[in-house]
Each structure stands twice: as C-alpha cells, then as structure tokens.
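Coordinates in review
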Amino acid sequence: MAKRLDGRLLAARHEASLRSAIAQHLATAGCTTCPPGLAVVRVGDDPASGVYVRKKAQACGRVGIESRIIHHPATASQQQVLESIHQLNGSPSCNGILVQLPIPSTLNARQLLLAVDPAKDVDGLHPLNLGRLMRGEPGLRSCTPAGVMALLDHAGIALDGIRALVIGRSILVGRPMGIMLQQANATVTVAHSRTRDLVDHCRQAELLVVAAGKPGLVGADWVRPGAVVVDVGIHRVPPQQQGTQGTLRGDVCFAAVEPLASHITPVPGGVGPMTVAMLLCNTVQAWQRCTAPPA
Ligand code: NAP
C-alpha cells in the first residue's frame, strides 16, 4: 500500500515557519516596516475561483500576511483591470500580486500577467520569472510545481536519474514541472494530448505527475508497481455521484492506484494545500527582498 504524501501536514509546517520568519523579519527590520501584503485580482464570478481566493486569503491570515481581493465584474474592461494591476505595482504595502485564473475570455489574460511587476509576481507566471526558471536562476517559482517538488523532497524521494513522466504541458503546471524535475536530475518526458502510446510511457515511469485536467485518466493498469504518483488534477464531483468519495477527485483513480504505488498524493489534501503554501512562501520572499536593509 502506498505511503500518502500529506500536503496538508507539510503546508501546516511551512505556515508555522513562515509565521516565525515574518515575526523575526519585522523585529529586525524595525517598526517602520509593514507586514507582507498579497493582492488577488479576480475578474468575474467563476465559483471555483471564489473558493480558491477565499482559501488563499484565509491562509494569509494564518501566517500574518495582509491580503486584499480586488474583485472586478465580468464586464470589466482590459483597461480597468490593467489599471488596478498598475496601482498594485506601485503600492508599497503590496508585495505580491496574483491574477486569479481563469480570466473571462473577453479579456487578454496574457497581457494582464505581463503587466504584473516581476518582483511581485508570486504566481511565477511572468515571462521573466519563467525565463529565470528555465535558466536555473533564482526567482519566484510557479506555485503548483514548486509545491510538488517540496512534497517529493520532504518524503525523501531521490530524483537523481529517476524516469519521470509529466502528463500535461500547460504554462501553469506541466512545463515548469518538467523543468524543475529536470533540474533535480530526473530524466523527464512531458506528455500531452497528442502523445502516442501514453499508457506505455506511464508504465515505464518511476515518477508520474498527472496534470491533464481529466478526471480519473490514470488507472491501475497505467502505473508501474512501486511508482511515485502525484495527482495535480482537481475536479468537483457532481452531487449525484458524491457518495463516499467526497466532493473532489483528481486525474488518478486513487483507490485503484494506491495499493500498487510506493507513494501517492490524495485529492484533496495533496498538491492543493502545497500550492497555497508556496504562494505564501513567494509572498514572504518578495516582501523580505524589498524590505531588507541595504547591504
Ligand atoms: P490545462 O491548461 O487544461 O492543461 C492540461 C494539459 O493536459 C494540456 O497540456 C493537455 O495537452 C494535456 N492533456 C489533456 N488531456 C490529455 C490526455 N487525455 N492525455 C494526455 N494529456 C492530456 O490544465 P492545467 O491548468 O495545467 O491544470 C491541470 C489540472 O490541474 C486541472 O485539473 C486543474 O484544475 C489542476 N490544477 C490543480 C492545482 C492544484 O493546486 N492542485 C493547480 C493548478 C491546476 P495539450 O497541451 O495537447 O492540450
């Protein structure tokens, strides 16, 4: 039976160390320094986004980050949203800016992400931060793949030379995930909707990171016995199917895969809490950089 990679537990540990890092930095930086601040820019009323934004705000409250939500109606213009990003870029009390995706298709999400000051880009989605990741230079890293790396590291999973398969190549998850694993010396294949013989690739993988956004895509017959299985997918289960399996599920058939994997992330309680924890880490990192006393 696989060992569960408990994202809630590890996220709570990260929160505890961030709380003390904030208190310590405030004590050394002096009374003129404000606590860290995170602003979430939300456009429209996507219900799942509403839940995520609330969870992020609650997590900020737990560690001592001041959060604010700038909520635009779905009818907001590109210019209005851009203006609020520009204001946040110039605000000294705002250290991190997050544009909550998805953005209504009437707006240009790429241009909005590009408008965020790279020093405040706590989602790690600005081209400058993605470029730094590509080059292996320090910078703000995409939260979900960084959360997966933290889970693997905490579980002591050796990545050196491991055969890893990432399913999904989005800018948000799959691509940065592939790069981070490669930088940890894994031998990485990134699969996508056009990949031929996906099952064969899966069966060879010693580490499987599934971020396809397809509920239950990976079943037991796709998984090599003893593999590490990380499920990034999050899907709401329709009320009529909820039964004992709860309200959320992932891209992996958890009950079928758990008996044969060596490690597995549950959904919920695996990658999701770690994504939020990495957002907090990035915000505190951005705050420490801009409030550090001059060398
Ligand atoms: P996305 O932008 O829709 O990308 C999905 C990727 O999976 C694409 O690259 C797509 O290939 C590939 N794909 C789709 N169907 C496939 C199939 N049958 N076989 C192989 N590849 C397939 O999604 P995303 O933003 O990366 O998110 C993926 C999932 O993770 C979603 O369920 C999302 O809700 C979840 N998520 C969770 C967290 C968290 O904190 N746990 C954070 C972010 C996202 P093409 O490129 O060829 O289209």
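Residues numbered from 1 in each chain as written. Predicted model: local features only at pLDDT ≥ 70, side-chain atom pairs only at ≥ 80, totals over all residues. Heavy atoms only, no water.

1. A few points about the overall build of the protein
Within the protein one finds ten helices and eleven strands. For the protein, the spread of C-alpha atoms along the principal axes amounts to about 55 × 45 × 35 Å. Burial statistics for the protein: of 295 residues in total, 48% are counted as buried. Across the protein, every contact between residues at least 6 apart in sequence was considered, and the portion connecting residues at least 24 apart equals 70%. If the 27 positive side-chain charges of the protein are averaged to one point and the 19 negative ones to another, these points end up 1 Å apart. (Helix = DSSP H or I, 4+ residues; strand = E, 2+ residues; numbered from the N terminus. Buried < 20%, exposed > 50% of the residue type's maximum accessible area, 1.4 Å probe, protein only. Contact = heavy atoms within 4.5 Å. Lys, Arg positive; Asp, Glu negative; His and termini not counted. Charge placed at Lys NZ, Arg CZ, Asp CG, Glu CD.)

2. Details of the sheet that holds strand 5 (residues 163-167)
The six strands lie next to each other as 1-11-8-7-5-6, forming an open sheet whose pairing is parallel. In the strand order of this sheet, the two ends are held by strand 1 (3-4) and strand 6 (187-191), each with one partner. With two bridges joining them, strand 1 and strand 11 (residues 263-264) adopt parallel strand pairing. Pairing of Lys-3 across the sheet is with His-263, part of strand 11. On the sheet, helix 7 (residues 174-183) packs against strand 5, strand 6 and strand 7 (207-210) and is oriented at approximately 170° with respect to strand 5. (Pairing = 2+ DSSP bridges. Axes fitted to C-alpha atoms, helices over the stretch in contact; angles between N-to-C directions.)

3. Focus on unusual backbone geometry
Apart from glycine, the bulk of residues carry a negative phi angle, and the bulk of peptide bonds sit in the trans form. Cis peptide bonds are those with omega within 30 degrees of zero, and the linkage from Leu-101 to Pro-102 qualifies with 5°. Residue placement: Pro-102 occurs in the loop between strand 4 (96-99) and helix 4 (109-115). Following Val-267, the chain continues to Pro-268 via a peptide bond in cis, the omega torsion being 0°. Mapped onto the fold, Pro-268 is located in the loop between strand 11 and helix 10 (271-291). Residue Asn-185 is not a glycine yet carries a positive backbone phi of 75°. Residue placement: Asn-185 occurs in the loop between helix 7 and strand 6.

4. Brief notes about the side chain of Asp-251
Along the polypeptide, Asp-251 turns up in the loop between strand 10 (248-249) and helix 9 (254-257). Here Asp-251 is buried and forms no salt bridge, its nearest opposite-charge partner Arg-249 lying at an N-O distance of 7.8 Å. Among the polar contacts made by the side chain of Asp-251, one reaches the main-chain amide nitrogen of Lys-214 at a distance of 3.1 Å. (Salt bridge = Lys/Arg side-chain N within 4 Å of Asp/Glu carboxyl O. Polar contact = N/O pair within 3.5 Å; in protein donor to acceptor, adjacent residues only side chain to side chain.)

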